[in-house]
Each structure stands twice: as structure tokens, then as C-alpha cells.
Amino acid sequence: MLSVVHDRIAAACERAGRSPSDVKLVAVSKGQDAASVKDKVLSRGHVTLGENRAQELRDKRPLLPDEVEWHFVGNLQRNKIKYLGDVALIHSVNSVRLADAIDDWGAREGRVVPVLISVNVAGEDSKQGVNVEELAGLVVHARGLPHLELRGLMTMAPHGDDPELARPHFRYLRELAKLHDLPELSMGMSGDFEVAIEEGATIVRIGTALFETPQVQDDRL
Ligand SMILES: *Cc1c(COP(=O)(O)O)cnc(C)c1O
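Residues numbered from 1 in each chain as written. Predicted model: local features only at pLDDT ≥ 70, side-chain atom pairs only at ≥ 80, totals over all residues. Heavy atoms only, no water.

**Examining helix H6 (residues 167-179)**
Here is step 1 of the chain: Helix length check: H6, at 13 residues, gives a terminal C-alpha distance of 18 Å against a target of 18 Å (1.5 Å per residue), a fit within 8%.
Here is step 2 of the chain: Buried residues of H6: Arg167, His169, Phe170, Leu173, Leu176 and Ala177, and no others.
Here is step 3 of the chain: Of the surrounding elements, those touching the buried residues of H6 are helix H5 (132-143), strand S6 (148-154), strand S7 (184-186) and helix H7 (193-198). (Helix = DSSP H or I, 4+ residues; strand = E, 2+ residues; numbered from the N terminus. Expected span 1.5 Å × (residues − 1). Buried < 20%, exposed > 50% of the residue type's maximum accessible area, 1.4 Å probe, protein only. Contact = heavy atoms within 4.5 Å.)

**So, the site of the ligand**
Here is step 1 of the chain: Taken together, Val28, Lys30, Asn52, Val73, Met156, Met189, Ser190, Arg205, Ile206, Gly207 and Thr208 make up the full set of residues adjacent to the ligand.
Here is step 2 of the chain: Lysine 30 has a polar side-chain atom sitting 2.8 Å from an oxygen atom of the ligand.
Here is step 3 of the chain: Between the ligand and the protein, one listed contact pairs an oxygen atom with a side-chain N or O atom of serine 190 at 2.5 Å.
Here is step 4 of the chain: Burial of the ligand by the protein amounts to 88% of the accessible area it has alone, namely 390 Å².
Here is step 5 of the chain: Tallied by class, residues from the shell around the ligand come to 5 nonpolar, 4 polar and 2 charged. (Near = heavy atom within 4 Å. Polar contact = N/O pair within 3.5 Å; in protein donor to acceptor, adjacent residues only side chain to side chain. Areas by Shrake-Rupley, 256 points an atom, 1.4 Å probe, with all protein chains shown as cover. Nonpolar A, V, L, I, M, F, W, Y, C, P; charged D, E, K, R; others polar.)

**Some thoughts on unusual backbone geometry**
Here is step 1 of the chain: Positive phi is not limited to glycine here, since aspartate 181 has a value of about 60°.
Here is step 2 of the chain: Inspection of the secondary structure puts aspartate 181 in the loop between H6 and S7.
Here is step 3 of the chain: A relative accessible area of 66% places aspartate 181 in the exposed class.

**Regarding the pattern of salt bridges**
Here is step 1 of the chain: Under the criterion given, the structure shown has 14 salt bridges.
Here is step 2 of the chain: Notably, a salt bridge pairs arginine 151 with glutamate 149, separated by 3.1 Å at the nearest N-O pair.
Here is step 3 of the chain: Since its relative accessible area comes to 29%, arginine 151 is described here as partly exposed.
Here is step 4 of the chain: One continuous salt-bridge network, built from bridges that share partners, spans Arg15, Glu164, Arg167, Arg171, Arg174, Glu198 and Glu199. (Salt bridge = Lys/Arg side-chain N within 4 Å of Asp/Glu carboxyl O.)

**Thoughts on the environment of leucine 42**
Here is step 1 of the chain: Mapped onto the elements of the fold, leucine 42 is located in the loop between helix H2 (34-40) and strand S2 (48-51).
Here is step 2 of the chain: By relative accessible area, which is 14% here, leucine 42 ends up buried.
Here is step 3 of the chain: For the pair formed by leucine 42 and leucine 2, sequence separation is 40 residues and the distance between their alpha carbons is 9.9 Å.
Here is step 4 of the chain: Sequence-distant contacts of leucine 42, defined by excluding residues within four places in its chain, comprise Val37, Val47, Leu64, Pro65 and Val68.

Listed below in C-alpha cells is the structure:
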């Protein structure tokens, strides 16, 4: 629920001595229909949404108000960039080829596209993102592209029951961003966003905790 997530973000910020206004919430609306997005998020005043499939973003956009700020958080295929429209931030640049394709698209659209580079901090095979060894090269390359604005880094921590296990990965991403003088850190999902905020996340991407209805057990019924 949005109010619960806001409270949890505020509490994590308080522990970390940070201001909640320094942490942007992206409501990951993948798999949710327009009615659910309106009911659970937009009607409560939150307009920043994230999708992880380009076609889903393309198809959902016309069903929702223009004021929505769209973020793309998933693995992006070059031939689908065109579906992203006026996307506010692409979180998931993971190769020179993709960076070049986004730059070409920006040139055609006459805009500079804000992006993050996704980093595979844990070195897991299954995760999307550049390996840490490839990051410096991609940062330099992206900075040389006139229709790309590189703002920061993104990661997905390995799944686990204990969010503390994600902490060293988030801390590592923060160090990498500092090394490259990049201000934005997109890290933290439903299972680990509080730890991510404590470690400096400037953007958290949350789906399940916003959209899934908790199972209320009420014995009086
Ligand atoms: C689905 C998704 C999220 C949100 O995950 P939840 O665990 O549902 O909060 C965040 N980031 C990316 C890249 C995703 O695909």
C-alpha cells in the first residue's frame, strides 16, 4: 500500500539521517492493469511509474493520464526503444550497443535521453547489467554520446529472505557511482528497499509492496 511504503521510506530515511525528499519512489506497475494502477497509486497522488517491458509501457500509456512520469526499468531490446515515448529515465543501459541505439533514437526524436547504467554487482549469471569490469568503459562511452545523459547506476541485488544480504551489494554500487561521479543510485525493491535507502539509494523501484493486497486475517468474521 502506498501509505505504508511512504511510512517505511520515511523511517529508513530517518535512520540514515536522510530526507525522504531525496528518495524517489518508482511504482513498478508491470502486470497491473490500468484500473489497479489508478486505484492503488494514481488516485493517491503518486504519478511516477516503472515498467520492465517496452510493449507493456506502450500499451498502458494511453490508458493512463498524461501526467504519469514513465520509467523503464527492464532489460531493453534495441528494436523496442521506440516504444518508450517520452520516458523520463531508462534505468537499464547495459551495453555500448544499447547506449548507441538510444543515442540514435534521441537524435531522431530531438531529445537528450536520461539514462542509468545497470550493473551486475553480485556477478550472478542470471542478472542483467554490465559486469563491474566493463563499467568504466561504458561510462566513458555513454558520456561521449550527445543524446544520452548519464545520471547514475542501477542494480538488482540477489534475492534472499534476508535484506541484510543485499547491503554489501548496495554499498558497492554506491562506491562505484562515487568513483565515476554519478549522482543517481536506483536500488531497492519490495524486499530490500529500506536497506538500499540506508546505503544511499536515490531511487527505489517498488512493485509488490504497493500492489499486492496483504492477506488480512480477521477471526471475528
Ligand atoms: C519487478 C521489478 C521491480 C519491483 O520488484 P518488487 O519486488 O515487486 O518490488 C524493481 N525493479 C525491476 C527491474 C523489476 O523488474
